[in-house]
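Chain by chain, the residues run as shown.
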Amino acid sequence: MEKILNIAQKLGFGLFTIVILNILSGVFFGKIFFSIFVSFWIFTIGLALVVYPAVLNKRNED
């Protein structure tokens, strides 16, 4: 279980990087609104992948 949680957190941090690159590409290619819309959903999924395993780790420690 611990291994799966670590993989999920790494995947979440990777999605945060994709969000930043997506917004920057939107600025340079002129599709900023579409870029922010897509980034919002990627950011939400990434946040869930980072926070959920952290919460489970805290629960398992107690």
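Scroll up to find the structure this text is about.
Below you will find a few notes about this structure. (Residues numbered from 1 in each chain as written. Predicted model: local features only at pLDDT ≥ 70, side-chain atom pairs only at ≥ 80, totals over all residues. Heavy atoms only, no water.)

## Re the overall build of the chain
Part 1 of the argument: Within the chain, the secondary structure is distributed over two helices and zero strands.
Part 2 of the argument: Against the compact-globule benchmark of 11 Å for 62 residues, the chain has a radius of gyration of 14 Å, which places it well outside the compact range.
Part 3 of the argument: Across the 62 residues in the chain, those meeting the buried criterion constitute 27%.
Part 4 of the argument: When the accessible area of the chain is evaluated, it comes to approximately 4900 Å², of which 77% is carbon and sulfur surface. (Helix = DSSP H or I, 4+ residues; strand = E, 2+ residues; numbered from the N terminus. Rg over C-alpha atoms; globule rule 2.2 N^0.38 Å. Buried < 20%, exposed > 50% of the residue type's maximum accessible area, 1.4 Å probe, protein only. Areas by Shrake-Rupley, 256 points an atom, 1.4 Å probe, with all protein chains shown as cover.)

## Re a nonpolar patch on the surface
Part 1 of the argument: On the surface, a cluster of nonpolar side chains totalling about 860 Å² of accessible area is made up of Ile 20, Leu 21, Ile 23, Leu 24, Val 27, Phe 28, Phe 29 and Ile 36.
Part 2 of the argument: Here the nonpolar patch gets seven residues from one element, more than from any other, and that element is helix 1 (residues 2-29).
Part 3 of the argument: Mapped onto the fold, Val 27 is located in helix 1. (Patch = residues over 30% accessible without salt bridge, like charges linked within 9 Å, V, L, I, M, F, W, Y side chains within 5 Å. Salt bridge = Lys/Arg side-chain N within 4 Å of Asp/Glu carboxyl O.)

## Digging into the environment of Gly 14
Part 1 of the argument: Relative to the helices and strands, Gly 14 resides in helix 1.
Part 2 of the argument: Overall, the relative accessible area of 31% leaves Gly 14 in the partly exposed class.
Part 3 of the argument: Sequence separation between Gly 14 and Gly 46 is 32 residues, and the spatial gap between their C-alpha atoms is 7.8 Å.

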